[in-house]
Amino acid sequence: SFFQCYLLVNFMVVQQGGIPSTTKDDDNKSRWYLGSFIWSLWVSCVSFQWVTTLSSAASLTFGYISMEAKFRPCMVELESGDALLNTTLPVMLFHPVLLSLLINMLSLVHAILTALFVAGVKLDPRAWLLRYAVAALGPYFTFGMGYFLVTLSFVFGYLFF
């Protein structure tokens, strides 16, 4: 699909040295103002991509919840009072489109951290990327896996779907 191609191109551009340099290639490594301007434009574009990807993931999630609310009267209700879709709602956490959006956001954070390192900011991009990944994806996977283990919905899904 288009999104997977976009994600592949995004990784390729970042890994091919697509981050503009902010210093001149002289012995002093002096600041290059045109490079700094282009670097700031590049970082702004990548940051805006992160924001739009976040809004896309939120829209997908809220759209799924809205669909459940709208079609609730049409669903088969279980004895517990939950509609049939509610038993599969956490499956939304592992929806391929949502998962690819979150992984794309992780790659964009990696690009921003690498750009900051290229600009001379004293930070360890790998350590900060690990912190972001744990903070952003840790609760996501913990909640999803916990739900599947506690409710045994993976057995339900395996038997009936």
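Positions within a chain are numbered from 1, following the residues in the order the chain's sequence is written. Given that this is a predicted model, residues contribute local features only at a pLDDT of at least 70 and side-chain atom pairs are listed and counted only at 80 or more, while totals for whole chains, interfaces and linings are drawn from all residues. Side-chain metrics rest on all non-hydrogen atoms present in the structure, leaving aside hydrogens and water.

Peer 1: It is not clear to me how the overall build of the protein should be interpreted in this structure. Could you clarify?
Peer 2: Here a helix means four or more residues in a row that DSSP labels H or I, a strand means two or more in a row labelled E, and each is numbered from the N terminus. Along the protein, the regular secondary structure elements total 6 helices and 0 strands. Seen in sequence order, the protein has helices and strands lined up from the N terminus as α-α-α-α-α-α. Exposed residues in this analysis have more than 50% of their type's maximum accessible area, buried residues have under 20%, and partly exposed residues fall in between, with area computed by a 1.4 Å probe over protein chains only. Here the protein holds 161 residues, and the buried ones make up 29% of them. Residue contacts are counted whenever heavy atoms from the two residues lie within 4.5 Å of one another. Within the protein, residue pairs in contact and separated by at least 24 positions form 61% of the contacts whose partners lie at least 6 positions apart. With an accessible surface of roughly 10,800 Å², the protein has 72% of that area assigned to carbon and sulfur atoms. For every accessible area listed, the method is Shrake-Rupley and the probe measures 1.4 Å; residues are considered covered only by the protein chains on display.

Peer 1: How should the nonpolar core be read in this particular structure?
Peer 2: By size, the foremost hydrophobic cluster in this structure holds 12 residues: A57, L98, L101, L102, M105, L106, V109, L113, L123, L129, L137 and Y140. Contributing elements (two or more residues each) for this core: α4 (96–118) and α5 (125–151). Element by element, the count of residues in this core is highest for α4, at 7 residues. In this structure M105 touches W50, T53, L54 and Y132, once residues within four positions along its chain are discounted. We call a set of buried residues a nonpolar core when its members are Ala, Val, Leu, Ile, Met, Phe, Trp, Tyr or Cys and they connect through side-chain atoms within 4.5 Å of each other. The next biggest cluster of nonpolar side chains, apart from the first, holds 10 residues, and it includes I19, V43, A111 and I112.

Peer 1: When you look at the side chain of T53 in this model, what are you seeing that I'm missing?
Peer 2: With respect to the secondary-structure elements, T53 resides in helix α2 (residues 33–70). Since its relative accessible area comes to 7%, T53 is described here as buried. If sequence neighbours within four positions are ignored, T53 has contacts with L101, N104, M105 and L108.

Peer 1: What am I meant to see in a nonpolar patch on the surface here?
Peer 2: Here the term patch refers to residues with relative accessible area over 30% and no salt bridge, with like charges joined within 9 Å and nonpolar side chains (Val, Leu, Ile, Met, Phe, Trp, Tyr) within 5 Å. Between Lys or Arg on one side and Asp or Glu on the other, a salt bridge is scored when a side-chain nitrogen of the former is within 4 Å of a carboxyl oxygen of the latter. A grouping of W32, L34, F37, I38 and L41 is seen on the molecular surface, where their side chains present a nonpolar patch of about 480 Å² in accessible area. Position of L41 relative to the elements: it lies in helix α2. On the accessibility criterion, L41 (44% relative accessible area) is partly exposed.

Purely geometric stuff here, so don't read any function into it on its own.
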